[in-house]
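Here's the letter readout for the chains.
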Amino acid sequence: MMKTRIIFMLLTVVAMCSQSAFAQEKKRPDREQIQAMQCNQVVKALMLDDATAAKFVPVYQKYLKELSEVRMENARKPKVKDAATTQPAPKAIPTDAEVEKAIKDRFAQSRKLLDIREKYYNEFRKILSPKQIYQLEKGNAHKFQKEWKKRQGQKQGQRPEAKKGNMHRGNNNVKSQK
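What you see is a predicted model, and the numbers here were worked out from it, not measured in a lab.

**A few points about unusual backbone geometry**
Trans is the common state for peptide bonds, and a negative phi is the common state for residues other than glycine.
Reasoning step 1: Phi at M47 takes a positive value of approximately 55°, unusual for a residue other than glycine.
Reasoning step 2: Along the chain, the position of M47 falls in the loop between α2 (31–46) and α3 (50–76).

Here's what the structure looks like:
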């Protein structure tokens, strides 16, 4: 009986160690891996043959890299609301000049993104049909909107069910019981 307990405990310890080792091996994919996965998804979605995919993938990777660089440029700049959070005292209200600069910076970023999209449209046109380019842009816009909505929820610190008003329904029930 004592032997079986010891063996059982040893097996349990070994199982726990192997699970923790396996968990440590899982790492988040880096930017290049994410872009490679994205390229593979796009190639499948557009149903490209091997020859077309071989031409398309390097161009698409450059496109993604340029878009990412422009987006990161803006992310590195201090935002209007970030300036307010650096003070431990009450939050400072941004000045009109700061808000105007933030708006103009967003316009400039939008122009850069549009220029990149237009430049690569001409590159993609050499490889893909207009319908495939449309499908590509439509898919990118959908992914971007989905990611933007996800990030907005994270910034506000709300869970998805809190946004939908589920918490308010609970409060209404409490009020109606009184």
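Now that the structure is up, let's keep going.
**Observations concerning the packing of aromatic side chains**
Reasoning step 1: Scanning the model with the defined rule gives seven aromatic pairs in all.
Reasoning step 2: Taking 5.1 Å as the distance between ring centres and 20° as the angle between the ring planes, the aromatic pair formed by F56 and Y60 counts as stacked. With F56 and Y60 both in helix α3 and four residues apart, this pair spans about one turn of that helix. Across this residue pair, the class does not change: F56 and Y60 are buried.

**Examining the side chain of Q109**
Reasoning step 1: Relative to the helices and strands, Q109 resides in helix α5 (residues 96–125).
Reasoning step 2: Its relative accessible area of 16% is what places Q109 among the buried residues.
Reasoning step 3: If sequence neighbours within four positions are ignored, Q109 has contacts with V70, R71 and N74.

**Details of α2**
Reasoning step 1: An ideal rise of 1.5 Å per residue puts 22 Å on 16 residues; α2 measures up with 22 Å between its terminal C-alpha atoms.
Reasoning step 2: Those residues of α2 not exposed but buried are Q35, C39, V42, V43 and L46. What you see down the axis of α2 is that its buried residues fit within an arc of 100°, all on one side.

Rules used in this analysis
- Residues numbered from 1 in each chain as written.
- Predicted model: local features only at pLDDT ≥ 70, side-chain atom pairs only at ≥ 80, totals over all residues.
- Heavy atoms only, no water.
- Helix = DSSP H or I, 4+ residues; strand = E, 2+ residues; numbered from the N terminus.
- Phe/Tyr/Trp six-rings, centres within 6.5 Å; stacked < 30°, edge-to-face > 60°.
- Buried < 20%, exposed > 50% of the residue type's maximum accessible area, 1.4 Å probe, protein only.
- Contact = heavy atoms within 4.5 Å.
- Expected span 1.5 Å × (residues − 1).
- Arc of directions from axis to C-beta.

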